[in-house]
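Here is what each chain is made of, one letter per residue.
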Amino acid sequence: MEMKKHAAIFWERLAELDASDYKPYLPSQNELRRPPTVEINNTCNINCLMCNTLMAKRQKGVIKDDLLIQVLQELKAEGVEAVDVHTIGDPLANPRLPQILAVFREVGMILVLSTNGLLLERHLDTLLEYRDISSHIRFSIDGATKETYELIRAGGKWDDLLHNIQLAKEELLPRGYSISSNMVLSNDNVHEVGQFIQLFRQFIDPRWMSFGFMNSLSPDTSYFHRVNLFPEATFPNRPCQLPFRSLWVHHDGAVSSCCRDYHGELIVGDIKNQSIRDVWNGHVLEKLREAHRKGDVKDYRLCDNCFIVDDRIVALFNALMEYLVRKEPDGPAEYYQEKVDRFTEIIQSGGPFEPKFSQPMFVKEILSMR
């Protein structure tokens, strides 16, 4: 029954591809649905190629307790139950993590923890102490070999990753934590997906492994354009959902509408002198939303230089991978990699991209990967 369920999900995602006039979904109303982000620090211990956070001009810092309490209390009053805590930094690079988590516990807010994991050992006792408000950790890992990992995760050490993820398995999993992973795929690492599953399934249930295709996260899009797997399936990210769905509160109280606001270019308010509701309903944010509704964002440099891979491809790829790891949970790396290579080949095949979605041959090729 479980296999049939996930096979059905795969076919459902495939059916969604049958639309050559695809456009990004534009919300009909403004609702704070996606977990908002409260940046507890904008410092990181490495400088990944797709992030390149060293280029950020915003002042580095750590959020103060009184500001954090104010933000969390306001968000809770708005019905928010959980928040992300990273923007262009890694939360485990925060030297005040114990005090931060104490505030989350005091307010009664769940913390969503995503990290490169390289500093986990430093905070192991803290994570165990506060597992009531943070009981899941997601490792961001973009390679299955030392060479590829250290190329993409610049400054990170492969041996440190393996040591810390082993600690998570031994110390966190038995005490109620769950562990997941995310791998951002590009021409630099797509050849290692099979190895990734085979290697990391000793630490992470493969059903908890997610995969994304690189988008233009960094304001400097040169690396993205160089390693993007699907340039024919890449579109300007407008209308963007983020101004309609979420907020990013920076460590200094400034509120942005974008996850890639390295320089403070899309500030729509300031929590030090405005409420969350006032920012959300304010004219600055509404002006940005209207620009996205009209598809004219030339006055917003960051939006005008933002690109995204068709999200149907991401959904289909993850449905396919979940189907495969459920079908062959102990399969060799080659089994998964063969399917990944074929998937990539099909999407990359010549001709205009969008019409492929409505061609029977395209659907037939995807189905053949079973």
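The rules behind the values
Residues numbered from 1 in each chain as written. Predicted model: local features only at pLDDT ≥ 70, side-chain atom pairs only at ≥ 80, totals over all residues. Heavy atoms only, no water. Helix = DSSP H or I, 4+ residues; strand = E, 2+ residues; numbered from the N terminus. Expected span 1.5 Å × (residues − 1). Buried < 20%, exposed > 50% of the residue type's maximum accessible area, 1.4 Å probe, protein only. Salt bridge = Lys/Arg side-chain N within 4 Å of Asp/Glu carboxyl O. Core = buried A, V, L, I, M, F, W, Y, C linked by side-chain atoms within 4.5 Å. Contact = heavy atoms within 4.5 Å. Phe/Tyr/Trp six-rings, centres within 6.5 Å; stacked < 30°, edge-to-face > 60°.

Colleague: I'd like a rundown of helix H6 (residues 158-172), residues and numbers included.
Modeller: For H6, spanning 15 residues, the distance from its first C-alpha to its last is 20 Å, which sits close to the expected 21 Å at 1.5 Å a residue. Buried within H6 we find Trp-158, Leu-161, Asn-164, Ile-165, Leu-167, Ala-168 and Leu-172.

Colleague: Break down the pattern of salt bridges for me, with residues and values.
Modeller: Scanning all chains against the criterion turns up 20 salt bridges. For Glu-286, the salt bridge goes to Arg-293, with nearest N and O atoms at 2.8 Å. Bridged by salt links that share partners, the residues Glu-286, Arg-289, Glu-290, Arg-293 and Lys-294 form one connected network.

Colleague: So what about the nonpolar core? Which residues, and what values?
Modeller: As a rule of thumb, nonpolar side chains are buried together in soluble globular proteins. Formed by 102 residues in total, the largest nonpolar core has its most connected members in Phe-104, Leu-120 and Phe-211. Among the elements that line this core, the one with the most residues is helix H13 (residues 311-327), at eight residues. What Phe-104 contacts, discounting residues up to four positions off in sequence, is Leu-68, Leu-72, Val-83, Val-85, Met-109, Ile-110, Leu-111 and Ile-133.

Colleague: Give me the packing of aromatic side chains: which residues, what numbers.
Modeller: Taken as a whole and assessed by the stated rule, the structure comprises 10 aromatic pairs. Residues Phe-196 and Phe-211 carry aromatic rings whose centres are separated by 6.0 Å and whose planes lie at 70° to one another, so their mutual orientation is edge-to-face. In this pair, Phe-196 sits in helix H7 (residues 193-200) while Phe-211 sits in strand E6 (residues 209-213), placing the two residues 15 residues apart along the sequence. Note on accessibility: Phe-196 and Phe-211 belong to one class, buried. Considering the side-chain rings of Phe-211 and Phe-317, the 5.8 Å spacing of their centres and the 80° angle between planes classify their relative orientation as edge-to-face. With a gap of 106 residues between them, Phe-211 in strand E6 and Phe-317 in helix H13 connect regions that are remote in the sequence. The residues Phe-211 and Phe-317 share a single accessibility class, namely buried.

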